[in-house]
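One-letter residues, chain by chain:
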Amino acid sequence: MMKRRSFNTNLALGTAVLAAPAIVRAAADKPVKIGFVYIGPVGDFGWTYQHNIGRLQAAKHFGKAIETTYVANVPEAPECQSVFEDLAAKGNQLIFGTSFGYMNYMVKVAAQYPKIKFESCTGYKQAANLATYDIRFYQGRYVQGVIAGKISKTGVAGYVASVPVPEVVQGMDAFLLGMRSVNPKARLKFVMIDSWYDPGKEGDAAKALIDQGCDVITQHTDSPAPLQTAAARHIPAFGEATDMIKFAPHDQLTAIVNEWGGYYIQRIGEVLAGTWKTENTWGGFHSGMLRMAPFRNMPHSTAELAARTVASIKAGKNKVFVGPLTNQAGQVFLPAGKVMDDGTLSGLQTLVAGIQGKLA
């Protein structure tokens, strides 16, 4: 796996500084076409919804200088290749693929259209015209774990997981590490639904975890179904990708919020200015690509601890994956004092001790 590069430039919406002459030139000619490919519906109120918010922010920022389009509900399967080819053939100069499973198909299409720029979200393969970008979601999951560790009465949390890729493994590990920072005996149970977006399976997984004694629920799936299921049983839970508070006003504790708008504005601006180049971006709290929704439905002291944890991670003091770390078999896989490097994180397939269940 490629070693990811930290992205330390502030990408919060409105901070991207763009060369005015480049925008004027683009507006004087035909608008530059920008394409987006989504794994789910824009109304999933999670992952795809938040990417679409970023697209709309970019469209508003650049006005008539660009023309954006999107294709939703595109599976991570061979048919997605024709979607990318179609967008390229229609003159889109920059195309974003917003799911990991698109990566290999994007590599093929990028080779066919060397003059068009492509960006693979959460992917790791690059080319001269293919960049990759991602968010350090695990930072937010560690914060969630700290909160869960403080409020859980059983010391057992439930995790609705999507597919066993490194991003999801990072999330489960980070969540339990956060829990154990305040409760060393905490445990995490998970259900892998083998899908990013399936409200029925997501809700059923949350029910199963609650029935197994989990008194806090989190998720790495795209719909609000797990949160709604937890709320129906008055179980505290976390939203995913966007602030889902409207689905559980009395039970959502916080949510990881993915901020794509600033990144899209910067990269589109670089295309307009003629300065775009391939790179590997992995931003987190520090870059503004990740933030936490307001801390609600918890004691004030817990909210304060969560805020301090965010600040510590943002300042680089808390690296999250710091040894000694032990796997499920009791073997140390990260020695004491060592910080896990980005290359290892990018390919992580080891569950830490205290997580119950197997990836396969």
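Residues numbered from 1 in each chain as written. Predicted model: local features only at pLDDT ≥ 70, side-chain atom pairs only at ≥ 80, totals over all residues. Heavy atoms only, no water.

Enquirer: When you look at helix H6 (residues 166-180) in this model, what are you seeing that I'm missing?
Expert: Along an α-helix, a turn takes 3.6 residues, which lines up residues three or four apart on a common side. An ideal rise of 1.5 Å per residue puts 21 Å on 15 residues; H6 measures up with 21 Å between its terminal C-alpha atoms. Among the 15 residues that make up H6, 14 are buried, leaving the element largely enclosed by the rest of the structure. (Helix = DSSP H or I, 4+ residues; strand = E, 2+ residues; numbered from the N terminus. Expected span 1.5 Å × (residues − 1). Buried < 20%, exposed > 50% of the residue type's maximum accessible area, 1.4 Å probe, protein only.)

Enquirer: Explanation requested: the confidence of the model for the chain in the structure shown.
Expert: When pLDDT is low, close inspection of the predicted coordinates is not appropriate. Confidence along the chain averages 93 in pLDDT terms, with 92% of residues attaining 70 or more. Confidence over residues 1-27 falls short of pLDDT 50; this stretch has 66 contacts with residues more than four positions distant or in other chains. (pLDDT = per-residue confidence, 0-100. Contact = heavy atoms within 4.5 Å.)

Enquirer: What is the right way to look at the pairing of strand S11 (residues 252-258) in this model?
Expert: Every other side chain in a regular strand lies on the same face of the sheet, so the side chains alternate between the two faces. In terms of residue burial, S11 counts as a mostly covered element, since seven of its seven residues are buried. In this structure, strand S10 (residues 237-239) lies alongside S11, joined through two bridges in parallel fashion. Directly across from Gly239, in S11, lies its bridge partner Ala255. Of the strand pairs in this sheet, S11 and strand S13 (residues 290-292) are connected by three bridges, and their pairing is antiparallel. Paired with Ile256 across the strands is Met292, a residue of S13. (Pairing = 2+ DSSP bridges.)

Enquirer: How do you make sense of the pairing of strand S2 (residues 32-37) when you look at a structure like this?
Expert: Most of S2 sits out of view: five of its six residues are buried. With six bridges joining them, S2 and strand S3 (residues 66-71) adopt parallel strand pairing. Residue pairing for S3: Ile34 is matched across the bridge by Thr68. This β-α-β element, S2 to helix H2 (residues 47-62) to S3, shows right-handed connectivity. Bridge analysis of S2 against strand S4 (residues 94-97) gives four bridges, and the strand direction is parallel. Residue pairing across strands places Gly35 opposite Ile95, the latter belonging to S4. (Right-handed = clockwise from strand over helix to strand, strands pointing away.)

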